[in-house]
Amino acid sequence: MTNPIIIEIDIAGDTPIQDAFATITEFDGVLKNFIAISIETGHPLVTIEFPDESLARSYLFEVGVDPEEMDLYFVD
């Protein structure tokens, strides 16, 4: 069994929140925390937990983020 993965990502300002949540759940993600508003972008910064690394990477690809440029945190 693989360990769950947590990512921190900002939700693009032009993305309707319903669409953002639909995309998260499509990849079996669970919104864990609202962290803050990103100083750089002004967008909501959230943490999302995925059941495994493959789903996390698929989600990132779907939203246009290079998974190699993201920090993926394994849940112990």
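Described below are features of the structure shown in this document. (Residues numbered from 1 in each chain as written. Predicted model: local features only at pLDDT ≥ 70, side-chain atom pairs only at ≥ 80, totals over all residues. Heavy atoms only, no water.)

### A few points about the overall build of the protein
Right, so step 1: Secondary structure assignment for the protein yields two helices and four strands.
Right, so step 2: In terms of overall dimensions, the protein is globule-like: its C-alpha atoms have a radius of gyration of 12 Å, near the 11 Å expected for 76 residues.
Right, so step 3: Here the C-alpha coordinates of the protein stretch approximately 35 × 20 × 20 Å along the principal axes.
Right, so step 4: Taking all 76 residues of the protein together, the buried fraction comes to 26%.
Right, so step 5: Considering only residue pairs separated by 6 or more positions, the protein has 62% of its internal contacts joining residues 24 or more positions apart.
Right, so step 6: Total accessible area on the protein stands at roughly 5,000 Å², and carbon and sulfur atoms take up 53% of it. (Helix = DSSP H or I, 4+ residues; strand = E, 2+ residues; numbered from the N terminus. Rg over C-alpha atoms; globule rule 2.2 N^0.38 Å. Buried < 20%, exposed > 50% of the residue type's maximum accessible area, 1.4 Å probe, protein only. Contact = heavy atoms within 4.5 Å. Areas by Shrake-Rupley, 256 points an atom, 1.4 Å probe, with all protein chains shown as cover.)

### Remarks on the pattern of salt bridges
Close approach of charged atoms allows side chains of opposite charge to pair.
Right, so step 1: This model, assessed by the stated rule, comprises three salt bridges.
Right, so step 2: Here Glu53 and Arg57 are joined by a salt bridge, their closest N and O atoms 2.9 Å apart. Within this pair, Glu53 and its partner Arg57 are both found in helix α2 (residues 53-62), separated by four residues, close to a single helical turn.
Right, so step 3: Taking the relative accessible area as the measure of exposure, Glu53 reaches 28% and is therefore partly exposed.
Right, so step 4: Taking relative accessible area as the criterion, Arg57 reaches 26% and is therefore assigned partly exposed.
Right, so step 5: A single salt-bridge network, built from bridges that share partners, covers Glu53, Arg57 and Glu68. (Salt bridge = Lys/Arg side-chain N within 4 Å of Asp/Glu carboxyl O.)

### Concerning a nonpolar patch on the surface
Right, so step 1: A surface patch of nonpolar side chains, about 240 Å² in accessible area, is lined by Ile17, Phe21 and Leu31.
Right, so step 2: One can find Phe21 in helix α1 (residues 17-26).
Right, so step 3: For Phe21, a relative accessible area of 35% translates into the label partly exposed. (Patch = residues over 30% accessible without salt bridge, like charges linked within 9 Å, V, L, I, M, F, W, Y side chains within 5 Å.)

### Quick word on α1
Right, so step 1: Restricting attention to buried positions, one finds in α1 the residues Ala20, Thr23 and Ile24. Looking down the long axis of α1, one finds its buried residues gathered within 100° of arc, a one-sided arrangement. Along α1, the residues that are exposed and aim more than 90 degrees away from the buried face are Gln18 and Glu26.
Right, so step 2: Check the buried side of α1 and you find it contacts β2 (30-37), β3 (44-50) and α2.
Right, so step 3: Of the residues flanking the end of α1, it is Asp28, one or two places downstream, whose phi is positive at about 60°. (Arc of directions from axis to C-beta.)

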